[in-house]
Amino acid sequence: MQIYVVQPNDSIRSIAQAHNVSAQSIIEANGLREPYIHQLVIGQALILPTLPPTYTVVAGDSMSGIAQRFGVSLLALLRANPTITNPNLIVPGQVINLPQQRFGDIVVNGYARPNAREEALDEALPRMSMLCVFSAYATAEGGLIPMRNDDRVLNRTKDAGVRPFMCITNLDPGGGFNTQTARALLNNPAARTRLLDACVRVMREKGYTGLDVDFENVARDTRDGLNAFLREARVVMHANGWLLSSAIESMVMDNQPGLIFEGFDYAEQGRHNDYVTLMTYDWGHLTGPPMAVSPINEVRRVIEFAVTRIPREKILMGIPAYGYIWDIPWQRGTQAAVLQAQGGPIIAARNGANISYNELWQTPWFRFMQGTQEREAWFEDARSLLAKFELVREFGLGGVSYWTVNHPFMQNWTMIDQLWNVEEV
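Definitions and limits used
- Residues numbered from 1 in each chain as written.
- Predicted model: local features only at pLDDT ≥ 70, side-chain atom pairs only at ≥ 80, totals over all residues.
- Heavy atoms only, no water.
- Pairing = 2+ DSSP bridges.
- Helix = DSSP H or I, 4+ residues; strand = E, 2+ residues; numbered from the N terminus.
- Core = buried A, V, L, I, M, F, W, Y, C linked by side-chain atoms within 4.5 Å.
- Buried < 20%, exposed > 50% of the residue type's maximum accessible area, 1.4 Å probe, protein only.
- Axes fitted to C-alpha atoms, helices over the stretch in contact; angles between N-to-C directions.
- Lys, Arg positive; Asp, Glu negative; His and termini not counted.
- Salt bridge = Lys/Arg side-chain N within 4 Å of Asp/Glu carboxyl O.
- Polar contact = N/O pair within 3.5 Å; in protein donor to acceptor, adjacent residues only side chain to side chain.
- Right-handed = clockwise from strand over helix to strand, strands pointing away.

## Re the pairing of strand β17 (residues 373–378)
Where strand β13 (residues 322–328) and β17 come together, five bridges link them in antiparallel fashion. Bridge pairing in β17 places Ile325 opposite Ala377. The pairing of strand β16 (residues 363–370) with β17 spans six bridges and is antiparallel. Paired with Gln370 across the two strands is Gln373, which belongs to β17.

Here's what the structure looks like:
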């Protein structure tokens with residue numbers, strides 16, 4: 001795999017000819033759509049896919065023998081050859097794709113709302129280990145308000161062989177994360193038990209096989225209650241053959257000040273959960289000033305601390321599948337517009353902007369005029385994703401977790417295909 005940055009006068013055809021790949025493979029690898037196939041932007045990052053090496057079967061070969069010969073796992077070899085439905089039936093002369101050299105094995109998680117787009121699920125589910133459906137609402141008394149419209153996403157997840165997690169939150173329906181709800185619930189042992197009983201009932205009824213806990217804005221006086229809930233949830237989940245995960249804020253020290261951090265004890269989170277999603281995004285956020293959503297230098301600081309408290313194989317590094325567009329000059333009290341997944345180059349093309357790249361934050365950005373208003377966009381592309389994947393490899397993390405997989409993000413999934421072996425959980 002190669003990442004190419006678009007230069008003046010480039011076209012898909014000229015790039016393909018210069019690098020001896022097909023134009024169609026570039027279009028497909030990057031999820032390009034009309035008319036933007038013909039409206040490349042200077043500074044836009046494109047993935048140039050490479051064909052996998054192959055092996056021609058001879059008499060006496062078996063898939064397990066071929067895997068052993070080339071030093072790859074049988075699972076990786078089968079995934080490289082999805083048309084082979086029976087590994088015991090290969091014949092001389094048949095061409096087998098060999099897995100390309102990859103970074104290693106990872107767990108891939110993502111969060112999806114019940115209204116996730118079909119196209120996005122088509123792209124994501126074949127490359128995922130688990131999917132957290134967001135969200136059921138926990139109440140202060142230990143009740144659970146389940147999702148009413150999760151059947152489509154849940155059934156698609158199960159059909160794809162991906163483990164479905166039911167995500168529970170302390171969100172007010174239609175509102176924000178409620179500190180008081182978390183306090184009343186988590187500091188009351190009887191309420192915690194009622195909530196876990198409710199979770200088990202719903203999970204059995206719907207067919208979820210994992211529970212994801214996304215309690216946010218948890219106050220310091222509720223941290224022990226959250227730890228107790230996770231300890232109790234682990235016992236219940238494992239007794240049913242299920243898994244437990246949590247989403248937690250990005251911290252760089254124990255007892256980090258600020259309401260969004262106070263409820264999280266990294267060591268306890270790592271002790272009780274099977275997987276922990278670090279929400280390594282939203283440095284650039286909806287109501288803040290323009291900057292990268294997930295600057296790599298800040299993400300590194302979080303990872304460096306996290307691996308001292310949480311077993312690294314349990315850590316899933318959060319990756320944002322979104323960006324923001326801010327008005328310039330930025331004014332406190334204003335709100336940015338959300339830029340979904342692959343939208344950066346599209347907005348740049350519509351407005352005649354060139355894309356720049358911030359080397360410190362390892363993130364693309366651009367400015368443009370919209371009428372008389374200057375605006376600034378920060379988003380993710382192949383370069384910023386590669387920087388994050390290299391961090392996962394450097395620290396030996398368990399994998400990655402996307403907020404969210406509601407919208408198409410083909411460039412990312414191409415990189416997963418090219419760089420990683422996705423594990424089952």
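So that's the structure; there's more coming.
## Overview of the nonpolar core
Side chains that are nonpolar tend, in soluble globular proteins, to be buried together. Ranked by size, the top nonpolar core spans 83 residues in total, and within it Met166, Ile168, Phe215, Leu278, Phe389 and Trp413 carry the most contacts. In this structure, Phe134, Val293, Tyr322 and Trp361 belong to the second largest nonpolar core, which totals 23 residues.

## Looking at the sheet that holds β13
Pairing in this open sheet of five strands is antiparallel, and the strands run β14-β13-β17-β16-β15 from one edge to the other. Sheet topology places β14 (337–340) and β15 (356–358) at the edges, where each strand pairs with a single neighbour. When the angles between neighbouring strand axes are averaged without regard to direction, this sheet yields 30°. As judged from the four bridges shared by β13 and β14, these two strands associate in the antiparallel manner. Looking across to β14, one finds that Gly323 is bridged to Leu339.

## Looking at the side chain of Lys314
Turning to its location among the elements, Lys314 is positioned in the loop between α12 (296–306) and β12 (315–320). Of the side chains bearing the opposite charge, Asp274 lies closest to the buried Lys314, which forms no salt bridge; the N-O distance is 5.8 Å. Only 2.7 Å separates the side chain of Lys314 from the backbone oxygen of Gly270, close enough to count as a polar contact.

## Quick notes on unusual backbone geometry
The peptide bond linking Glu34 to Pro35 adopts the cis configuration, its omega dihedral lying at 0°. Turning to its location among the elements, Pro35 is positioned in the loop between α2 (23–29) and β2 (45–48). In this structure, Pro329 follows Ile328 across a cis peptide bond, with omega equal to 0°. Mapped onto the elements, Pro329 comes out in the loop between β13 and β14.

## Let's talk about the pairing of strand β11 (residues 275–279)
Taking burial as the measure, the five residues of β11 include five buried ones, the bulk of the element. Side chains Tyr275, Thr277 and Met279 project from β11 onto one buried face, and the interleaved Val276 and Leu278 project onto a second face that is buried too. As paired strands, strand β10 (residues 243–249) and β11 are joined by five bridges and run parallel to one another. Bridging from a neighbouring strand, Ile248 pairs with Leu278 of β11. Here β11 pairs with β12 via three bridges, running parallel. In the sheet register, Val276 faces β12, and the bridge partner there is Ile315. Handedness of the crossover is the feature at issue here: the chain leaves β11, passes through α12, returns alongside β12, and the resulting connection is right-handed.

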